[in-house]
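Summary of the model geometry
Each chain is listed here by its residues.
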Amino acid sequence: MDNLIEIAKKKAGIAAVDEFVKDGMVLGIGSGSTVVYAVNRIVERVKQEGLKVVCIPTSFQSTQLIVNGGLILGDLSRYPKIDVDIDGADEVDENLNLIKGGGGCLLQEKIIASNSEKLVIVADYRKNSKILGEQWKKGIPIEVIPLAYIPLMKKMKKTGGSPILRLAEKKAGPLITDNGNFILDVDFGEITDPKVLNQKIKLLPGVVETGLFIGMTEKVYFGQKDGSLISRKR
Ligand code: 5RP
């Protein structure tokens, strides 16, 4: 892995935590490789400053990050209102709409984001686009109920997409999400109206959730190649 990318991710993770995380907060903890740097910074600040924060995970991976970091693990039943959710993204457009789900965790990520006062995104320079689909060429991740996947693939084609069933690694067959579902990665090319596309896809029976996060983001941090940082706010 390119070291410049890791430095950029770290820069974004630290900046987001330092600007948004305050004592007594309930935090959403996203998934992916960039979020790891944010969690490391939270752990550091808990130790150094004695911060008390409760962390709500968005996946199996983030549950492990919280537990291994010695942080307090919560859930939506106890903490239905989250102050700040820090998460990664696969692509961010000029209006701060997102493609998420490259790591397969989009359903819980969207539930946590939609119950958060603020969604703060941490990313590296490769994720910064004008239009969704400009740089992220793997398609929009869509979590679907397994029995519906073949008819849904046909319907995605009719909607103008090219769907692929995401396969597992080191196991023959489909990837199974944390919620027991499949993921279709559907390439729609460059997406000029992500809100309308999201609504269309969500109406198809068997679709559980899409990786299009529309109008949810408060702020995005992009770590840069040269070690600097840029941010964009809603
Ligand atoms: C997982 C996600 C991730 O946040 C997204 O894929 C970005 O991951 P990374 O920080 O590793 O680039 O949506 O479902």
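Residues numbered from 1 in each chain as written. Predicted model: local features only at pLDDT ≥ 70, side-chain atom pairs only at ≥ 80, totals over all residues. Heavy atoms only, no water.

**Regarding the overall build of the protein**
As a reminder of what qualifies: By the criteria applied, helices consist of DSSP H or I runs no shorter than four residues and strands consist of E runs no shorter than two, each listed in order from the N terminus. Only the C-alpha atoms count toward the radius of gyration. The rule for a globule is 2.2 Å times the residue count to the power 0.38. A simple rule labels every residue: compare its accessible area, found with a 1.4 Å probe on the protein chains alone, to the largest value its type can have, and call it buried under 20%, exposed over 50%, or partly exposed in between. Throughout, a contact is declared for two residues whenever any of their heavy atoms are within 4.5 Å. For the accessible areas, the method is Shrake-Rupley and the probe is 1.4 Å, while residue cover comes only from the protein chains on display. All tallies of charge rest on Lys and Arg as positive and Asp and Glu as negative; His and the ends of each chain are not included. Here the site of a charge means NZ on Lys, CZ on Arg, CG on Asp, or CD on Glu.
Along its length, the protein carries six helices and 14 strands. Computed over its C-alpha atoms, the radius of gyration of the protein comes to 17 Å, within 12% of the 17 Å expected for a compact globule of 234 residues. C-alpha atoms of the protein, sized along the principal axes, occupy 55 × 40 × 35 Å. The burial tally for the protein puts 52% of its 234 residues in the buried class. Residue pairs at least 24 apart in sequence account for 74% of intrachain contacts in the protein once pairs closer than 6 positions are excluded. Element-wise, carbon and sulfur atoms account for 54% of the exposed surface of the protein, whose accessible area totals about 11100 Å². For the protein, the centre of its 33 positive side-chain charges and the centre of its 29 negative side-chain charges are spaced 3 Å apart.

**Overview of the packing of helix α1 (residues 3-20) against helix α2 (residues 33-49)**
Basically, it comes down to this: For helices, the fitted axis covers only the stretch in contact; all axes are lines through C-alpha atoms, and the angles between them, taken along N-to-C directions, range from 0 to 180 degrees. Note that the term roughly parallel is reserved for angles under 35 degrees, roughly antiparallel for angles over 145, roughly perpendicular for angles of 65 to 115, and oblique for everything else. In this scheme, a crossing is called left-handed if the near helix is turned counterclockwise away from the far one by less than a right angle; it is called right-handed if the turn is clockwise. Three residue categories are used. Nonpolar comprises Ala, Val, Leu, Ile, Met, Phe, Trp, Tyr, Cys and Pro, charged comprises Asp, Glu, Lys and Arg, and polar comprises the others, including Gly.
Running from N to C, α1 and α2 cross one another at 45°; their axes reach a closest spacing of 8 Å. With respect to their mutual orientation, α1 and α2 come out oblique. The handedness of the crossing between α1 and α2 comes out as right-handed. Side by side, α1 and α2 meet where Glu6, Lys9, Lys10, Gly13, Ile14, Val17 and Asp18 of the first sit next to Ser33, Thr34, Tyr37, Ala38, Arg41, Ile42 and Arg45 of the second. The residue inventory of the contact of α1 with α2, partitioned by class, reads five nonpolar, three polar and six charged.

**Focus on the domain arrangement of the protein**
Going by this rule: Each domain's extent is set by a domain assignment, obtained either automatically or from a database. Buried area: the accessible surface (1.4 Å probe) lost by two parts on joining, summed over both. Counted as salt bridges are all cases of a side-chain nitrogen of Lys or Arg within 4 Å of a carboxyl oxygen of Asp or Glu. Under the rule applied, a polar contact is a pair of N or O atoms within 3.5 Å (in protein, one hydrogen donor and one hydrogen acceptor; residues adjacent in sequence only if both atoms are side-chain atoms).
According to the domain assignment, the protein contains domain 1 (2-130 + 214-225) and domain 2 (140-210). Facing 15 residues of domain 1, the contacting portion of domain 2 comprises 14 residues. Together, the buried faces of domain 1 and domain 2 total about 1100 Å²; carbon and sulfur atoms form 61% of this surface. Our enumeration of links across domain 1 and domain 2 arrives at one salt bridge. The shortest N-O distance in the salt bridge between Glu209 and Lys110 comes to 2.9 Å. Along the contact surface separating domain 1 from domain 2 lie six residue pairs in polar contact (both at pLDDT 80 or more). The greatest single-element share of the side of domain 1 that touches domain 2, amounting to four residues, is contributed by helix α4 (residues 106-114). The residue inventory of the side of domain 1 that touches domain 2, partitioned by class, reads five nonpolar, seven polar and three charged.

**Remarks on the site of the ligand**
Quick note on the threshold: We call a residue near a molecule or strand whenever a single non-hydrogen atom of that residue lies within 4 Å of it.
Around the ligand, the surrounding shell holds 17 residues, and the nearest of these are Ser31, Ser33, Thr34, Asp90 and Lys127. In this structure, Gly88 approaches the ligand through a main-chain N or O atom, which is 3.4 Å from an oxygen atom. One nitrogen or oxygen atom from the side chain of Glu109 is found 3.1 Å from an oxygen atom belonging to the ligand. Across the complex, the protein chains shield 91% of the 380 Å² of accessible surface that the ligand would expose by itself. Within the residue set of the shell around the ligand, elements represented by two or more residues are α2 and α4. Taken together, the residues of the shell around the ligand sort by class into three nonpolar, nine polar and five charged.

**Section: the state of the cysteines**
Just so we agree on the cut-off: Any cysteine sulfur atom paired with another within 2.5 Å is treated as part of a disulfide.
Taken as a whole and assessed by the stated rule, the structure comprises zero disulfides. The thiol sulfur of Cys55 is not disulfide-bonded, and the nearest other cysteine sulfur, from Cys105, lies at 16 Å. Residue Cys55 is classed as buried on the basis of its relative accessible area of 0%. Judged by its relative accessible area of 13%, Cys105 is buried.

**Structural notes on the side chain of Thr58**
Counting through the fold element by element, Thr58 comes out in the loop between β2 (54-57) and α3 (60-68). Within the structure, the side chain of Thr58 is placed 2.8 Å from the backbone oxygen of Ile29, a separation counted as a polar contact. At 2.8 Å, the side chain of Thr58 and the side chain of Ser31 are in polar contact.

**Focus: the environment of Lys47**
Tracing the chain through its elements places Lys47 in helix α2. Accessibility expressed as a relative area gives 69% for Lys47, which makes it exposed. With 173 residues separating them in the primary sequence, Lys47 and Val220 have C-alpha atoms 26 Å apart.

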